[in-house]
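# Reading the structure
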Amino acid sequence: MQHRHTRKSAVRLAGAALAAALSLGLAAAASADQLQDILAAKKLRVAIDLGVPPYGMKDAALKSTGSDVETARLLAQDLGVELEIVPTTGANRVPFLQTNKADIVISSMSITPERQKVVDFSVPYAAILAVVGAPRSMTLTSAADLANKKVIATRGTTNDAELTKIAPKDAQIIRFDDDATSITAVVSGQADIFATAPALLRTINDKAPAKQMESKFVMRLNMLGIGLRKNEPALKARLDGWVRDNLQNGKLNAVYKEFHGVNLPPEVQGASR
């Protein structure tokens, strides 16, 4: 009798375990398609750094604007959903995806092999130059000229990564957690050299015209992609198609030109094909 009772208990436990596994499997399947979740919620949560003009910023009326903000608005409009901007920083863009604080990232995020190990990207929707900038009076023609000099970089950005690769061992890299703090550091004179994007050099000149910051040399041309979590094929396909359509019809170029004053680099169209 004891043996029969033990067998029945084992069968019941196995059945319960199977039911639980099936339940979990169905729940996972139900939540596996993030595109459908976004459409069902009628809301798209987009992480954007609002301290990186002209990609993301606040205007005089404290309204969010910039080329990334307007790109996100155009995407939400075409998806037929409400846009919710989730403010982030350069260092938090990937963590915000991984912890589900945002559905996607549109925040001047360069497509790099390191990032592609943990998140997926759409085809490129824009590009950004990684440059070393300094006052006009300073002569810098290559990384070798950074020897024994202080250079500011924003932690977790491709500018930081590129600078770290090429800087001489005796260069002092001073890192800040976001671009707004890095800009303030340059304006206040903590260092005159800044590894960044050309647009942020213009921001510094607007705040401190006497600085006369300019690009000295290019470290790299980086393609920008829309970041999303891994294993979301439907969402990735929708984003890829949307980017290609809006590059072809000129809307993404119009957004970029409005805020950057120039057309998208031709390499963007080539990389998005």
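Residues numbered from 1 in each chain as written. Predicted model: local features only at pLDDT ≥ 70, side-chain atom pairs only at ≥ 80, totals over all residues. Heavy atoms only, no water.

## What about the sheet that holds strand β4 (residues 82-87)?
- A sheet is described by the order of its strands in space; here five strands give the open sequence β4-β1-β5-β12-β6, paired in mixed fashion. Two strands in the sheet have a free side with no partner beyond their single neighbour: β4 and β6 (120-121). (Pairing = 2+ DSSP bridges. Helix = DSSP H or I, 4+ residues; strand = E, 2+ residues; numbered from the N terminus.)

## Quick notes on the side chain of aspartate 68
- Looking at the secondary structure, you find aspartate 68 in helix α3 (residues 67-79).
- One buried charged residue, aspartate 68, remains without a salt bridge, the closest side chain of opposite sign being arginine 93 at 7.1 Å.
- Setting aside anything within four residues of it in sequence, one finds aspartate 68 in contact with Ile48, Tyr55, Ile106, Ser107, Ser108 and Tyr125. (Buried < 20%, exposed > 50% of the residue type's maximum accessible area, 1.4 Å probe, protein only. Lys, Arg positive; Asp, Glu negative; His and termini not counted. Salt bridge = Lys/Arg side-chain N within 4 Å of Asp/Glu carboxyl O. Contact = heavy atoms within 4.5 Å.)

## Some remarks on the pairing of strand β10 (residues 193-196)
- Residues Ile193 and Ala195 of β10 are buried on one face, and the alternating residues Phe194 and Thr196, pointing to the opposite face, are buried as well.
- Bridge count for strand β7 (residues 126-135) against β10 is three bridges, and the pairing is antiparallel. Bridge assignment links valine 131 to a residue of β10, and that residue is threonine 196.
- Alignment of strand β8 (residues 150-154) against β10, held across two bridges, turns out to be parallel. Bridge assignment links valine 151 to a residue of β10, and that residue is isoleucine 193.

## Quick word on the side chain of aspartate 103
- One can find aspartate 103 in the loop between α4 (93-98) and β5 (104-105).
- In this structure, aspartate 103 is in contact with Gln34, Ile38, Lys43, Leu44, Arg45, Leu97, Leu228 and Arg229, ignoring residues within four places of it in sequence.

## Notes on the pairing of β7
- Of all ten residues that make up β7, nine are buried, and the element is covered over most of its length.
- In the sheet, β7 pairs with strand β11 (residues 213-224) via ten bridges, with the strands oriented antiparallel. Within β11, the residue paired with glycine 133 across the bridge is serine 215.

## What to know about the nonpolar core
- Counting 61 residues, the largest nonpolar core has Leu44, Leu75, Ile104, Phe194 and Ile226 as the members making the most contacts within it.
- The dominant element in this core, judged by the number of residues it contributes, is α3, at six residues.
- Those residues in contact with leucine 75 that sit more than four places away from it in its chain are Leu44, Ile104, Ile106, Ile226, Leu239 and Trp242.
- Among the nonpolar cores identified, the runner-up in size contains 14 residues, and Ala130, Val151, Ala171 and Phe217 belong to it. (Core = buried A, V, L, I, M, F, W, Y, C linked by side-chain atoms within 4.5 Å.)

Worth remembering: the numbers are spatial, not functional.
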